[in-house]
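Each chain is listed here by its residues.
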Amino acid sequence: MHQEKKMLAHISEDGTRVQTVADHLQGTAVLCGQFAAAFDAQQQGTWLGLLHDIGKYSTKFQKRLQGGEKVDHSTAGAQVAARYGQIPLAFAIAGHHSGLPDGGGRSDTAQDATMFGRLKKSVEPYTQWTNEIKLPSIPPQPEMMKENRFTQAFYTRMLYSCLVDADYLDTENFMSSPKPRGQGQTMDELLKRLNQYTAKWSHPQGNLNQRRSSILSACTTAGQTGRRGLYSLTVPTGGGKTVASLAFALSLAVKNHMDRVIYVIPYTSIIDQTADVFSEILGAENVLEHHSGVDYSAKEDDEPAAYRKALAAENWDAPVVVTTSVQFFESLYGNHASQCRKLHNIANSVVIFDEAQNLPVPYLRPCVAAIAQLVQHYRAAAVLCTATQPALQPLFDELAPGLQMTELCPHPKEQYQAFRRTTLKMRGELEQSQLGAELAAQEQVLCIVNRRKTAQELYNNLPKEGSYCLTTLLYPAHRKQLLQEIRERLKDGLPCRVISTSLIEAGVDVDFPAVYREEAGLDSILQAAGRCNREGRRPAEQSLVQIFTLEGQHVPRMLEQNVSATQSVLKKYADLASLEAIETYFLFYRTLKGDKRLDEQQILQGFEQDMEGRIFPFATAAERFRLIETPAVTVYIPQGKGEHLLARLRAGEVSKTLFRQLGQYGVPVYPDHLKTLENAGAVCQISEGIWELTDGSFYDNNTGLAMEAETGAAWFA
């Protein structure tokens, strides 16, 4: 009898080992099914794994393994899945290398890269697959598929995540010895570590510490008795919300047998601070910090713990993940395998959105819709954690009827009164010289302004001893050094005058006796107030937060509507810091923006409707969903360790580890600012997209990178 030739999926790099297509399909199917089981789709996951590479049974692909021309091996499995009516599986298989495609329309031809086009495409014969692969019974469509097109698209994306991660892992395990992934302590063990850490607070002294302890206790109890769902944690600044939210998350995870905690932060400038806090409490080996500016390389000579963390960064296979809103939501709406392979690990997780008021308004509807999907269909719990809750329940009511938010903080109104440590004072318009004189006359004061240029100008007119200027024009390592000096001077009672942009408002632990804040949104004003009399050592009436406008300066365009909403609230409420005023502010702000402005790129509309007969615009949505709408370019500063790191880069070294370290010496600049520096001969391009400051006179050790024009706009500091 004629014996069929073994059909291969992979050949090891040294050419000594082979993996058959059947073995790869079976291995991927097991992993993919396990991943999809987290949202009750194990059968669909198994089918995905078994079908995704059946195109490798073609003679042309076998020649490709020996150095032949490239061949499309993904379309075959997609076409088989479609014939069985498994359209989400067809999308996932078609995109498992090139990215989830747009669905397109029925008029598309085989030359189009859409799903409809791929289904019409001719493929190389691959008939041997039926002799080696036996498909289980046809998986039933989940109930959620009856809801709407957006739900169907989200389900497709989650299946896609399961497939690409399983495919990568099975291939990786064949190409080299299995990697030590997914190691870390259990949720039970992490909760014990947290309880040991907080035990020192069991007998709190003073009213504020007693209240912090009460909030922590309430969050722990809510987690011990709670279920997966949607929660809010509305804790005033200084109320200990970071540790309290972690206590809730770990307690809920233990009670409901959940897999991990994911902490989502809006600001790249404070993510390392939060990761450091969690690492101190839980152990660094259990905490993964992951955002667009931090990556890890996995080298053979790495210590095992470092190696595991490098691999975990690819798919969030870690007990606690600290990430940014940009990384989280752009992955949820992305379409490439590298972005999406982590998504299935959000299922059965507790996701905490810190500073939830900073969810980007132009993308608010898609963000809320994604949170609702995770809670309703993927066994996740979500916590909106903030001192200024953005009143999102009406949006959840619209996008996910029946999904109600539960507040975790006991008696929020009472807490806000108890934690009140400042008095807001409206100063009206000030001349910049007058403001400078007032700041110079005070020993310790913080002034927050809306423009980096204004910050530099005010700083230049202050006494030099004990004065600081904090903006994103300072590279991060420099900014951290200055913040440490600031904390020490405040503690020692030395002169300390700080001019800053909004980067100091959220998550930066400083305590000034007086704060000035240029007019902005109410949320920013209250965040600024959180840097004043933080520990409650002074009477509230003596701890002034003064709100001002500058003569001759207009409100920056990106803040105009925030300011308009604040002014409207001022007319209705004498107490701007009350919960009622905060809720009114956010509701009025969104009214000013209008419903269309909550989804400016029409992301949801693209999935919810047939757009001229075209469906599921995965690739188009990924291109449109950009939280940072004006991408900045990083200019690296050759100071301190940065000089040595840049020398390595110039010498040709390229690694993720090097770029991660260099991130501490980079300043983000927008295109016109970069052009100004380039025209002045102050920067040079090392390679594509990588710039170095070559004229040191353009970096001031007090104010950072020279800036000659206002540049760019982004929704975060």
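See the structure above.
(A) Representation of the packing of aromatic side chains in the model. With the rule as written, the count across this model stands at 24 aromatic pairs. With a centroid separation of 5.6 Å and an interplanar angle of 55°, the aromatic rings of F607 and F618 are classed as tilted. Here F607, found in helix α25 (residues 603–608), pairs with F618, found in helix α26 (residues 618–624); they are 11 residues apart in sequence, far enough to count as distant. The same class applies to F607 and to F618, which are both buried. Grouped by ring-pair contacts, the aromatic residues F39, F91, F150, F154, Y155, Y333, Y363, Y378, F607, F616, F618 and F625 constitute a single cluster. Of note, K342 hangs over the ring of W316, and the distance from its end group to the ring centre comes to 5.4 Å. Above the ring of Y459, the side-chain terminus of K464 is found at 4.6 Å from the ring centroid.

(B) Structural view of the sheet that holds strand β14 (residues 496–500). Taking strand neighbours across the sheet as the criterion, the six strands line up as β11-β16-β15-β12-β14-β13 in an open arrangement whose pairing is parallel. The sheet is open, and its two edges are formed by β11 (423–430) and β13 (467–470), each paired on a single side. Within the sheet, the average angular offset between the axes of one strand and its neighbour, ignoring direction, is 15°. The pairing of strand β12 (residues 444–448) with β14 spans five bridges and is classified as parallel. Looking across to β14, one finds that Q444 is bridged to C496. Strand contacts of helix α19 (residues 432–440): β11, β12, β14, β15 (515–518) and β16 (544–550), with the helix running at about 140° to β11, the strand carrying the most contacts.

(C) Local environment of the sheet that holds strand β6 (residues 287–290). Pairing is parallel in the open sheet, where seven strands are placed in the order β6-β7-β5-β8-β9-β4-β10. This sheet does not close on itself; its edge strands, each paired only once, are β6 and β10 (405–407). Across the sheet, the axes of successive neighbouring strands diverge by a mean angle of 20°, strand direction being ignored. Relative to strand β9 (residues 381–386), strand β8 (residues 349–354) runs parallel, the two being bridged by five bridges. Looking at the pairing, D354 lines up with C385 of β9.

Basis of the calculations
- Residues numbered from 1 in each chain as written.
- Predicted model: local features only at pLDDT ≥ 70, side-chain atom pairs only at ≥ 80, totals over all residues.
- Heavy atoms only, no water.
- Phe/Tyr/Trp six-rings, centres within 6.5 Å; stacked < 30°, edge-to-face > 60°.
- Helix = DSSP H or I, 4+ residues; strand = E, 2+ residues; numbered from the N terminus.
- Buried < 20%, exposed > 50% of the residue type's maximum accessible area, 1.4 Å probe, protein only.
- Lys NZ or Arg CZ within 6 Å of the ring centre and 35° of its normal.
- Pairing = 2+ DSSP bridges.
- Axes fitted to C-alpha atoms, helices over the stretch in contact; angles between N-to-C directions.
- Contact = heavy atoms within 4.5 Å.

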